[in-house]
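Listed below, chain by chain, are the residues.
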Amino acid sequence: MTVKMGFPWKLLVLQSFMGCLVESSVPLKPVFIKQPGSIVFPLHPNDPSREVTFSCEAQGYPPPSYRWKMNDTFISPWPGSRYRFSGGNLHISQLSKEEDVGIYQCLASNSFGTILSREASLHIAYLEDFKTQRRSPVRVREGQGVVLLCGPPPHMGELTFTWIFNEYPSFVKQDTRRFVSQKTGNLYIAKVEPSDVGNYTCVVTNLVTKSRVQGPPTLLVLRSDGIMGEYEPKIEVQFPEALSVAKGLTVKLECFALGNPVPAISWRRVDGAPFSRKVDVSRASSVLEIPYFQQEDAGQYECVAENSRGKNMVKGKLTFYAPPHLLERAQDTQKAIDDSLLWECKASGKPKPSYKWLKNGEPLEAFEDRMQVVNGALSISSLTLSDTGMYQCVAENRYGRVFANAELRVNAVAPDFSDSVLKAQTLARQGGDVLIECRPRMSPRGMISWRKGKEALRESHRVSVLDNGSLRISNITKLDAGLYTCVARNQFGVASSAGTLVVKEPTIITTKAAQLDVTVGESIVLPCQVSRDPSLDVRFTWFFNEQLINFGSQGGYFEKVGGRFAGDIMIRNIQLRHAGRYTCAVQTNVDSASIATDVVVRGAPGPPLDIQVNHVTETTAFVSWSPGPDNHSPISNYAVQARTPFSLGWQAVSTVPETLGRNQLAAHVTDLSPWVEYEFRVLATNAIGTGEPSKPSQKIRTKDTLPRITPARVGGGGGSRSELVITWEPVPEELQSGPGFGYVVAFRPHGAQSWMQAAVTSPDASRYIFKNESILPFSPFYVKVGVYNNRGEGPFGPVTTIYSAEEGTSLVQKKSQVEHPLEFVLRVCLPPKWSSAGRPCHGALARDA
């Protein structure tokens, strides 16, 4: 069992391995997958290895072979030489800084051609010892400036400089008075002080080799012939007048001056632009550092050294440069012999790059006049087989160069239909057009002709051979059916391919285009009848406003009712949103047709728009609106409705004019209640019915006025001894006509002429109790209840007769006292604002319930 399972596994591995072999044997142009990079080799005096390796690897089939150039000269290793090839890699041993420093390039070649790698530089970093072992003393006056020279020994690679004061590890500290230039290594002392006397030693460090050497000490001595007086700044350390900086690099500008007093250093841009946040000024302002240099950093910079004796300044211009960067490159191309080629090659850079082209690693300038290079574009006319090869566009400026590779294959092939035979059968409809394609593979492009049956096909106003060799036949008839043969020939051979043209009856939609007019809620059938060739299957597809109708997934409104050979559909319970254009598309294997039906759906009007309320008074408001959609049935009239916090939903309101016709887009609403908050809406009606209402208007409040409605059901009676109880039904809030609503209670005994009045300030109060020991039991009183608000007094209600309490305490009164334990005694009086002559305000004790 194990053996049977293992055999298929081994077979699968073998098949995969063989597949890799077959795949790897497919011819491939050389393509770099690893290119050499620049090397800085740290050279140490006692290091015996001194060996570097430049890497180069390309894929392709046949496998590429490799060569190397140094400074455009081919390297030819011989046994025992310092150069050795390993695959595509170049090994160099026993490096020599005199012989091996330079530019290296790798060339990879196979049968397709040769490509040249990018350039890689080799630099050898080293640091030799100082040659001089003794230096003369430097004698200066106190207050004078001095420069101590470092004079670094021969070297290669970036250096840094420090100075030892007297003995290690006492290093000179840099400040506004002392500065060590990292460009020259010199030590600058702006103003010498007695504490500066001593030995100074320059220490040089190579950042690549990590080696360090010390120069001979320099003794600084003060002269005894006096102290130096004050003098204006003298700038000893300054940056170049013109400096080019590469995109993305960090630039450091140095500036330092001697002077007494010690000068202050400041920086600015000459154009007045402020420094960006990335700019850093360090070492007591003597170094200006601009990291990640960009185009906007270019310009003229100024260093100013100033003290009390004067100032001096230096200027320098920074210019931006960028090595070439490819923007557009040529693509691998196959062309026929005698054809022409145009390859574009574009690159960015500053300064603007120049272009040249290589073929198989060699410049094209030495080739024929058929080739031209204009602004990076390579054109070759009248291609020959010898033009086949690997091409490289080289874009370069003084700061670098980039390579773009492309393969050109020039083909010379006899006509071949193996990959593009004619269709065995082409279907076409009578009266239509047909295109029979003929696209043989051949190079160069030759001549194509056609036969029908065994006869050569002649071109006419209906029959034509296109430039690409394809055959077009227009207004096809039954006689055009038959066997067609495409014949292709060039100087290398002849080939042909044949196929049959079958002519079918056309598909015709017999239903006429129409427009249907329906009402919301109806059901309609949209017909789509066709005549067709009986040998062809037909397919019906429906679209609504150019969107495919998915039957059964759109709410059940659409249903196919045409059967197999008709495309009729039904729309059930049609709605306004179903109005639009319906298209029936009919398709067979030969042709297609379509017909459109416009459906107009009439319905009740849409809601009116933009409801506005203006000119609000105590009982009226002016309401205006804009018409909404009439949904294909003219609007006949409008109606206005209102809603308040006290109404049960929306209610119809009275308007002027009373009837609002189709052109009436505004109305005065009347009979409103004062001091009530209202919303309004409008409805439109047409022959179909009344539509949806508009959105409610903004809430408005009618203006206040004197109250007009008096309490209903005024009565009374009962109560305790010496009490007169007066009751009424409170006036609803919507009828109070304004804020500050209350009641005026007036009463008098039968036979009396004057009315006593009391104001009840609570709008929700429903009774008033007047108590006076002089009131006899069960005495008749005339009573009436009026109303008032902040605008003034309203009317009194009708006069009615009630009786004071009977002798003793009634059961009703006892019960009332239990149910209303929070009743309180008030001194009530009509508010002074509303008190008038002839209406006495009685200060009687009363209980307001």
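## With respect to the sheet that holds strand 33 (residues 354-359)
Note on sheets: strands pair through backbone hydrogen bonds, and any given pair is parallel or antiparallel. Here 5 strands make up an open sheet; going across it, the order is 30-38-37-33-34 and the pairing mixed. Edge strands, defined here as strands with exactly one partner in the open sheet, are strand 30 (333-336) and strand 34 (362-363).

## Observations concerning unusual backbone geometry
Pro169 follows Tyr168 through a cis peptide bond whose omega is 5°. The phi dihedral of Tyr292 is positive, around 45°, even though this residue is not glycine. Inspection of the secondary structure assignment puts Tyr292 in the loop between strand 27 (287-290) and strand 28 (299-307). Overall, the relative accessible area of 53% leaves Tyr292 in the exposed class. A positive phi angle is found at Ser737, which is not glycine, with a value near 65°. Relative to the helices and strands, Ser737 is located in the loop between strand 69 (723-729) and strand 70 (742-749). For Ser737, a relative accessible area of 3% gives the class buried.

## A look at the confidence of the model for the chain
Looking at the chain, pLDDT values average 88 and 91% of them are 70 or higher. A low-confidence stretch, residues 1-23 stays under pLDDT 50, and its non-local contacts, those more than four residues away or across chains, total 0 contacts.

## Some points on the sheet that holds strand 17 (residues 187-189)
Pairing in this open sheet of 3 strands is antiparallel, and the strands run 13-17-16 from one edge to the other. Pairing within the sheet leaves two strands with one partner each, and these edge strands are strand 13 (146-148) and strand 16 (178-180). The sheet shows a mean angle of 15° between the axes of neighbouring strands, taken without regard to direction. Two strands pair when backbone bridges link them, and strand 13 and strand 17 are joined in this way by 3 bridges, in the antiparallel orientation. Across the sheet, Val147 pairs through a bridge with Tyr188, a residue of strand 17.

## A few points about the layout of surface pockets
In this structure, the largest pocket occupies an estimated 580 Å³ of space. Forming the walls of the largest pocket are 26 residues, and the residues nearest its centre are Glu158, Gln182, Lys183, Lys252 and Glu254. Looking at the lining of the largest pocket, the elements that each hand over two or more residues are strand 15 (159-165), strand 21 (231-237), strand 23 (251-254) and strand 27. With 4 residues, strand 23 is the single largest residue contributor to the lining of the largest pocket.

## A short note on the state of the cysteines
Within this structure, the stated rule accounts for 6 disulfides. Each disulfide pairs two cysteine sulfurs, and for Cys56 the partner residue is Cys106, the sulfurs being separated by 2.1 Å. Every disulfide takes its handedness from the sign of the S-S torsion; for Cys56 and Cys106 that torsion is -75°, giving left-handed. Highlighted residues: Cys56 in the loop between strand 3 (52-54) and strand 4 (57-61) and Cys106 in strand 9 (residues 102-110), separated in sequence by 50 residues. The exposure class of Cys106 is buried, given its relative accessible area of 0%. Linked covalently through their sulfurs, Cys150 and Cys202 form a disulfide whose S-S length is 2.0 Å. Taking the torsion about the sulfur-sulfur bond, which here is approximately -75°, the covalent link between Cys150 and Cys202 counts as left-handed.

## Remarks on the pattern of salt bridges
Within the structure shown, the criterion is met by 29 salt bridges. For Arg462, the salt bridge goes to Asp480, with nearest N and O atoms at 2.9 Å. One end of the pair, Arg462, is in the loop between strand 44 (455-456) and strand 45 (463-465); the other, Asp480, is in the loop between strand 46 (471-473) and strand 47 (482-490), with 18 residues separating them in the sequence. There is no split in this pair, since Arg462 and Asp480 are both buried. The network of salt bridges with common partners includes Arg82, Glu99 and Asp100.

## Brief notes about the packing of aromatic side chains
Taken as a whole, this structure holds 21 aromatic pairs when the rule is applied. Between Phe544 and Tyr582, the ring centres sit 4.6 Å apart and the planes meet at 25°, which makes this aromatic pair stacked. One end of the pair, Phe544, is in strand 53 (residues 539-544); the other, Tyr582, is in strand 57 (residues 580-587), with 38 residues separating them in the sequence. For Phe544, a relative accessible area of 16% puts it in the buried group. Each ring, one from Phe778 and one from Tyr803, has its centre 4.6 Å from the other, and the planes form 15°; the classification is stacked. Within this pair, whereas Phe778 is found in the loop between strand 72 (767-771) and strand 73 (780-789), its partner Tyr803 is found in strand 75 (residues 800-803), the two being separated by 25 residues in sequence. In textbook terms, an aromatic cluster arises when at least three aromatic residues are bridged by ring pairs, as seen for Phe54, Trp68 and Tyr104. The ring of Trp755 has Lys784 sitting right over it, with the charged end atom 4.4 Å from the ring centre.

## Digging into the side chain of Glu302
Its location among the elements puts Glu302 in strand 28. Assessed through its relative accessible area of 3%, Glu302 is described here as buried. Within the structure, Glu302 has its side chain in polar contact with the side chain of Arg268 (distance 2.7 Å). For Glu302, the residues in contact, after removing those within four places along its chain, are Ser266, Trp267, Arg268, Val270, Met313, Val314 and Lys315.

## As for the nonpolar core
The biggest cluster of nonpolar side chains holds 26 residues, and the ones touching the most others in it are Phe54, Trp68, Leu90, Ile92, Tyr104 and Leu122. If you tally residues by element for this core, the top one is strand 11 (residues 120-127), at 4 residues.

## Considerations on a nonpolar patch on the surface
Where nonpolar side chains cluster on the molecular surface, the patch consists of Val26, Leu28 and Tyr61 and spans about 250 Å² of accessible area. You can see Leu28 is positioned in strand 1 (residues 28-34).

## Notes on the pairing of strand 72
Among the 5 residues in strand 72, 4 count as buried, and that is most of the element. Here 5 bridges tie strand 69 to strand 72, and the two strands are oriented antiparallel to one another. Looking at the pairing, Glu723 lines up with Lys771 of strand 72.

## Examining the environment of Ser626
Examined against the element boundaries, Ser626 turns out to sit in strand 60 (residues 621-626). Given the relative accessible area of 29%, Ser626 is considered partly exposed. In this structure, the C-alpha to C-alpha distance between Ser626 and Ala666, residues 40 residues apart in sequence, is 8.8 Å. Beyond its immediate sequence surroundings of up to four residues, Ser626 is in contact with Pro608, Leu609 and Asp610.

## Overview of the environment of Pro351
Summarising the element assignment, Pro351 is placed in the loop between strand 32 (346-350) and strand 33. In contact with Pro351, other than residues within four places in its own chain, are Asn397, Arg398 and Tyr399.

## What to know about the side chain of Thr655
Within the element layout of this structure, Thr655 appears in strand 63 (residues 654-656). The buried category is assigned to Thr655, whose relative accessible area is 10%. At a separation of 2.8 Å, a polar atom in the side chain of Thr655 contacts the main-chain carbonyl oxygen of Pro657. Once residues lying within four places of it in the same chain are set aside, the contact partners of Thr655 are Val640, Leu660, Ala667, His668, Val669 and Thr670.

## Some remarks on the environment of Phe417
On the secondary structure map, Phe417 appears in the loop between strand 39 (413-416) and strand 40 (425-429). Sequence separation of Phe417 and Gln757 is 340 residues, and the distance between their C-alpha atoms is 120 Å. If near-sequence neighbours (up to four positions away) are discounted, Phe417 is found in contact with Leu422, Cys438, Pro440, Cys486, Ala488, Ala495, Ser496 and Ser497.

What counts and how
- Residues numbered from 1 in each chain as written.
- Predicted model: local features only at pLDDT ≥ 70, side-chain atom pairs only at ≥ 80, totals over all residues.
- Heavy atoms only, no water.
- Pairing = 2+ DSSP bridges.
- Helix = DSSP H or I, 4+ residues; strand = E, 2+ residues; numbered from the N terminus.
- Buried < 20%, exposed > 50% of the residue type's maximum accessible area, 1.4 Å probe, protein only.
- pLDDT = per-residue confidence, 0-100.
- Contact = heavy atoms within 4.5 Å.
- Axes fitted to C-alpha atoms, helices over the stretch in contact; angles between N-to-C directions.
- 1 Å grid on protein atoms, 1.4 Å probe; cavity = no way out; pocket = protein on both sides within 12 Å on 5 of 7 lines; lining within 4 Å.
- Points joined across faces, edges and corners; volume = space filled by probe spheres on them.
- Disulfide = S-S within 2.5 Å.
- Salt bridge = Lys/Arg side-chain N within 4 Å of Asp/Glu carboxyl O.
- Phe/Tyr/Trp six-rings, centres within 6.5 Å; stacked < 30°, edge-to-face > 60°.
- Lys NZ or Arg CZ within 6 Å of the ring centre and 35° of its normal.
- Polar contact = N/O pair within 3.5 Å; in protein donor to acceptor, adjacent residues only side chain to side chain.
- Core = buried A, V, L, I, M, F, W, Y, C linked by side-chain atoms within 4.5 Å.
- Patch = residues over 30% accessible without salt bridge, like charges linked within 9 Å, V, L, I, M, F, W, Y side chains within 5 Å.
- Areas by Shrake-Rupley, 256 points an atom, 1.4 Å probe, with all protein chains shown as cover.

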